[in-house]
Amino acid sequence: MQKQITEANLRLLIDSLLLKGQRVVGPRQSGTMVLYEPLASASDLVTDELPRRSIKEAFFPVCEDLLEYRKEGQQIELKDIDPARFPETVLFGVRPCDAAAVPVLDAVFSWDYKDQFFLARRAKTTIIGLACTTADDACFCTAVGLSPNDPKGSDLLLTPLVGGGFLVESQSEKGLSFLEAWKDRFSEPDDTKPLPLAQPAATPFDLKKIKAWLDDHFEDPAWDSIATRCVGCGACAFVCPACHCFDIVDEGSEKAGKRRKFWDACGFSKFTNHASGHNPRDLQPKRYRNRIMHKFKYYDDKFGQTLCTGCGRCIRVCPVGIDIAGVLEEIEKK
Amino acid sequence: MCDSNKNIYLPYLATVEEVIDETPDVRTLRLVFQDEQVRESFNFRAGQFAEYSAFGAGESTFCIASSPTRKGYIECCFRAVGRVTESLRRLEVGDTMGVRGPYGNSFPIEQFYGKNLLFVTGGIALPPLRTLIWNCLDLRDKFGDITIVYGARTEADLVYKRELKEWEERSDVKLVKTVDPGGNGPEWDGKVGFVPTVLDELAPAADNCIALVCGPPIMIKFTLPVLEKLGFGDEAIYTTLENRMKCGLGKCGRCNVGNVYVCKDGPVFTAKQVKAMPLEY
């Protein structure tokens, strides 16, 4: 279903949701950064800047409690986390490269064992995407098969119109019911043209060709030249919408505390360190190789999807200038 | 297992029923689940692993070292080398700890029926095979000859010493124990030499035999060629890999060897499968 909404009505809609007590998350200024965080009013919404971190934290927070424990004598009392604690949430202004990563993450958190922490939040969240009309040098969604107005992962997709306002397209049942519930704020689409979409400079990669090279080049001198300079800071994984490695850590004393899940990164030197001291990925190029392999081979082998949406964040934050799009280009030429 | 409303990270609570010091820094804990229903419903197969927690320190991954044929308890065996294992070692009889599992695949024991079994293992790598050894001994008439080659750096580093004695005394098991050169005391009545060398000398027949190998990477590296020389095929050799893990559930992303997740696709693999993997274990 297609509708239209004015800029003013969109802001009114957000404020109405907030007035109803609905949790609304969107890009907003948070300290020195723009992040996806709960909005206090529609005026908080920032629509002209890609948030520093991705939307994954709406479903998979930087850290979260898994359980609480308390010791009484020799007994331990465990307190489970009630999934009801995860509130119904509407995400506004989610960039297509971020929204597209959510179904990618569904695969790992729902195959076999179900991670209710991710899935309960997922079920209670409506994603309202926002098509991009500008791109920077790091954007490369078009190179990995997506586009600045890709509907993947969005329940509703907003496309900015010439002269203001947005075209609204429903992409799921959730999106349809949202349009239905708030129909007074939307109007029928008229002839207003959408603003020209962003045009990332990157040309499409042949992902099959890249994967074919990865399939039989686990050992290759290229890994050294690509990643010897990687300092293992893990920033690329932390800003990535699709990276999902985590650690499980107890916080507290023997008497009482919490078990928590934290983001982790395959770039960290201790990530795969054995208790014996043996480390299968003992050098940084091996760790960076895993990053590329996981994104463009292993995840594809397992789930038939690429673990990268071309958001370009890892390129923007890398302190030593490793450019994943450049790496893929290099591999593609081999 | 796939109940979507369940917290998959929530462990069962278990009471430490018995503490056994295997070596100065290797300890066995015998655990009994506190919940009666869990005690009855907890089923596992030899080769599977679990996440054991000392609350306040975190979780560690070990195989379940006891046999599935021994009901009412499980055992784990570990060397105290880090924060969690040091905390697990501080637990006393009657204390409570956490157990998540069982996870991973297992030895296809039914496929071993009617065959001779050769166990080859070293040091702290006996526990992952000990579950299977007892499993087979408890179903003794289903198997042919059972041979165990077990080595450690020194006599003191041999784990399950009381059970080694029991296996030595049984007429239906052949135990060949060895220590590295220099690791033997004056009373030592076993062999002196590295496991692959001792195996080479022993030269067990490969015909109708399954080899089960678990040890430090260096032992595996030198044992596989010996087995090959003896005529063991890649699919007649099984091993169990132990990459670092956190979730055990195929999500946290660290135990992979290439595209193989040790926690889900393993930890039990044939030599054929291991050979197809990149060197990342």
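Residues numbered from 1 in each chain as written. Chains lettered and ligands numbered in written order. Predicted model: local features only at pLDDT ≥ 70, side-chain atom pairs only at ≥ 80, totals over all residues.

S.K.: Honestly, the pairing of strand 3 (residues 33-38) of chain A in this entry has me stumped. Any pointers?
M.R.: The side chains of a regular strand alternate, residue by residue, between the two faces of the sheet. Residues and elements named next belong to chain A. Bridge analysis of strand 2 (residues 23-30) against strand 3 gives 6 bridges, and the strand direction is antiparallel. Paired with Gln 29 across the strands is Val 34, a residue of strand 3. Between the end of strand 2 and the start of strand 3, which pair antiparallel, lie 2 residues, with Gly 31 showing a positive phi angle near 65 degrees. (Pairing = 2+ DSSP bridges. Helix = DSSP H or I, 4+ residues; strand = E, 2+ residues; numbered from the N terminus.)

S.K.: Could you clarify how one ought to interpret the sheet that holds strand 5 (residues 74-79) of chain B in this entry?
M.R.: In a beta sheet, neighbouring strands pair by backbone hydrogen bonds and run either parallel or antiparallel. Residues and elements named next belong to chain B. One open sheet holds the 6 strands; their spatial order is 4-3-6-1-2-5, and the pairing between them is antiparallel. With partners counted over all chains shown, the strands left at the sheet margins are strand 4 (58-63) and strand 5, one partner each. Across the sheet, the axes of successive neighbouring strands diverge by a mean angle of 40 degrees, strand direction being ignored. As paired strands, strand 1 (residues 12-21) and strand 2 (residues 26-33) are joined by 7 bridges and run antiparallel to one another. Its bridge partner lying in strand 2, Asp 21 is registered against Arg 27. Contacting strand 2, strand 3 (49-54), strand 4, strand 5 and strand 6 (96-103), helix 2 (residues 83-90) crosses the sheet at an angle of about 85 degrees to strand 4. (Axes fitted to C-alpha atoms, helices over the stretch in contact; angles between N-to-C directions. Contact = placed C-beta atoms within 7 Å.)

S.K.: Quick question: what am I supposed to make of the sheet that holds strand 15 (residues 268-270) of chain B here?
M.R.: All names here are of chain B. Reading across the sheet, the 7 strands line up as 10-9-8-7-11-12-15 and stay open at both edges, with mixed pairing between neighbours. Since the sheet does not close on itself, it has two edges, and those belong to strand 10 (191-192) and strand 15, each with one partner. Bridge count between strand 11 (residues 209-214) and strand 12 (residues 237-240): 3 bridges; the pairing is parallel. Across the sheet, residue Val 213 finds its bridge partner in strand 12, namely Thr 239. Contacting strand 7 (116-122), strand 8 (146-152), strand 11 and strand 12, helix 3 (residues 126-137) crosses the sheet at an angle of about 155 degrees to strand 7.

S.K.: How should the environment of Cys 214 of chain B be read in this particular structure?
M.R.: Within the secondary structure layout, Cys 214 of chain B lies in strand 11. Sequence-distant contacts of Cys 214 of chain B, defined by excluding residues within four places in its chain, comprise Thr 121, Ala 125, Pro 128, Leu 129, Thr 239 and Thr 240 of chain B.

S.K.: Hey, could you run me through unusual backbone geometry in this one?
M.R.: As a rule of thumb, non-glycine residues mostly have phi less than zero, and peptide bonds are mostly trans rather than cis. At the junction of Gly 101 of chain B and Pro 102 of chain B, the peptide bond is cis and its omega measures out at -5 degrees in the coordinates. Examined against the element boundaries, Pro 102 of chain B turns out to sit in strand 6. In this model, Gly 266 of chain B is joined to Pro 267 of chain B through a cis peptide bond whose omega is 10 degrees. When you line up the elements, Pro 267 of chain B lands in the loop between helix 7 (262-265) and strand 15. Phi at Asp 112 of chain A takes a positive value of approximately 55 degrees, unusual for a residue other than glycine. As for its placement among the helices and strands, Asp 112 of chain A is situated in the loop between helix 3 (101-110) and helix 4 (116-123). Among the residues examined, Asp 112 of chain A registers 12 C-beta atoms within 10 Å and is labelled exposed. Phi at Tyr 160 of chain B is positive, roughly 55 degrees, even though this residue is not glycine. Looking at the secondary structure, you find Tyr 160 of chain B in the loop between strand 8 and helix 4 (161-169). (Buried ≥ 20, exposed ≤ 12 C-beta atoms within 10 Å, placed from the backbone.)

S.K.: Would you take a moment to explain the packing of helix 5 (residues 195-202) of chain B against helix 6 (residues 217-230) of chain B for this structure?
M.R.: Helix-helix packing is described using two parameters, namely the angle between the two axes and the distance between the axes. All names here are of chain B. Here helix 5 crosses helix 6 at 15 degrees, and the two axes come no closer than 8 Å. Taken together, the axes of helix 5 and helix 6 are roughly parallel relative to one another. In terms of crossing hand, the pair formed by helix 5 and helix 6 is right-handed. Across from Val 195, Pro 196, Leu 199 and Asp 200 in helix 5, the residues of helix 6 making contact are Met 219, Phe 222, Thr 223 and Val 226. Of the residues that constitute the contact of helix 5 with helix 6, the class distribution is 6 nonpolar, 1 polar and 1 charged. (Parallel < 35°, antiparallel > 145°, perpendicular 65-115°, else oblique. Left-handed = near helix turned anticlockwise from the far one by under 90°. Nonpolar A, V, L, I, M, F, W, Y, C, P; charged D, E, K, R; others polar.)

S.K.: How should the domain arrangement of chain B be read in this particular structure?
M.R.: Interface size is often expressed as the accessible area that is lost when the parts come together. Residue and element names in this part refer to chain B. Looking at chain B, the domain boundaries give domain 1 (12-103) and domain 2 (109-240). Computed over C-alpha atoms only, the centres of domain 1 and domain 2 are separated by 24 Å. The interface of domain 1 with domain 2 comprises 16 residues on the first partner and 15 residues on the second. Residue composition of the side of domain 1 that touches domain 2, by class: 8 nonpolar, 5 polar and 3 charged. (Domains from an automatic or database assignment.)

S.K.: Is there a simple way to think about the environment of Ser 66 of chain B in this case?
M.R.: Residue and element names in this part refer to chain B. Within the fold, Ser 66 resides in the loop between strand 4 and strand 5. Along the sequence, Ser 66 and Ile 133 sit 67 residues apart, while their C-alpha atoms lie 9.5 Å from each other. Ignoring any residue separated from it by four or fewer positions in sequence, one finds Ser 66 in contact with Tyr 73, Ile 74, Glu 75 and Thr 131.

S.K.: Honestly, the interface of chain A and chain B in this entry has me stumped. Any pointers?
M.R.: Counting residues at the interface gives 45 residues for chain A, matched by 39 residues for chain B. Mapped onto the side of chain A that touches chain B, the elements with two or more residues apiece are strand 4 (63-72), strand 5 (75-80), helix 3, helix 4, strand 10 (246-252) and helix 9 (284-303) of chain A. Considered class by class, the residues forming the side of chain A that touches chain B number 22 nonpolar, 11 polar and 12 charged.

S.K.: Would you take a moment to explain helix 3 of chain A for this structure?
M.R.: The α-helix winds at 3.6 residues per turn, so residues separated by three or four positions along the chain end up facing the same way. Residue and element names in this part refer to chain A. What helix 3 keeps buried is the set Ala 101, Val 102, Val 104, Leu 105, Val 108 and Phe 109. Taken end-on, helix 3 shows its buried residues confined to a sector of 155 degrees, consistent with a single buried face. Contact partners of the buried residues in helix 3: helix 2 (96-99), helix 4 and strand 7 (125-130). Of the residues flanking the end of helix 3, it is Asp 112, one or two places downstream, whose phi is positive at about 55 degrees. (Arc of directions from axis to C-beta.)

S.K.: What is the right way to look at the pairing of strand 8 of chain B in this model?
M.R.: Residues and elements named next belong to chain B. The element strand 8 is largely enclosed, with a buried count of 5 among its 7 residues. Looking at chain direction, strand 7 and strand 8 are connected through 6 bridges and run parallel. By the bridge assignment for strand 8, Gly 122 is matched with Gly 151. Across 6 bridges, the pairing between strand 8 and strand 9 (residues 174-179) is parallel. Across the sheet, residue Val 149 finds its bridge partner in strand 9, namely Val 176.

S.K.: Can you help me understand the packing of helix 6 (residues 207-215) of chain A against helix 9 of chain A in this one?
M.R.: Residues and elements named next belong to chain A. Closest axis-to-axis distance for the helix 6/helix 9 pair is 10 Å, and the angle between their directions is 90 degrees. The orientation of helix 6 with respect to helix 9, classified from their angle, is roughly perpendicular. In this structure, helix 6 uses Leu 207, Ile 210, Lys 211, Leu 214 and Asp 215 to contact helix 9, whose residues at the interface are Met 293, Phe 296, Lys 297 and Asp 300. Residues that form the contact of helix 6 with helix 9 fall into these classes: 5 nonpolar, no polar and 4 charged.

S.K.: Sorry if this is basic, but what is going on with the confidence of the model for chain B here?
M.R.: Any segment with low pLDDT has predicted coordinates that should not be analysed in fine detail. Predicted confidence across chain B gives a mean pLDDT of 96, with 99% of residues reaching 70 or more. Under the prediction, the complex receives an ipTM of 0.94, its pTM being 0.94. (pLDDT = per-residue confidence, 0-100.)

S.K.: What exactly am I supposed to notice about the nonpolar core here?
M.R.: Core analysis: the largest hydrophobic core is formed by 181 residues, its most contacted members being Leu 91 and Leu 105 of chain A together with Phe 119, Val 149, Ala 211 and Leu 212 of chain B. A domain-level breakdown of this core finds at least three residues from each of domain 1 (12-103) and domain 2 (109-240) of chain B. Beyond its immediate chain neighbours, meaning those up to four positions away, Val 149 of chain B contacts Phe 119, Val 120, Val 176, Val 195, Val 198, Leu 199 and Leu 202 of chain B. (Core = buried A, V, L, I, M, F, W, Y, C linked by C-beta atoms within 7 Å.)

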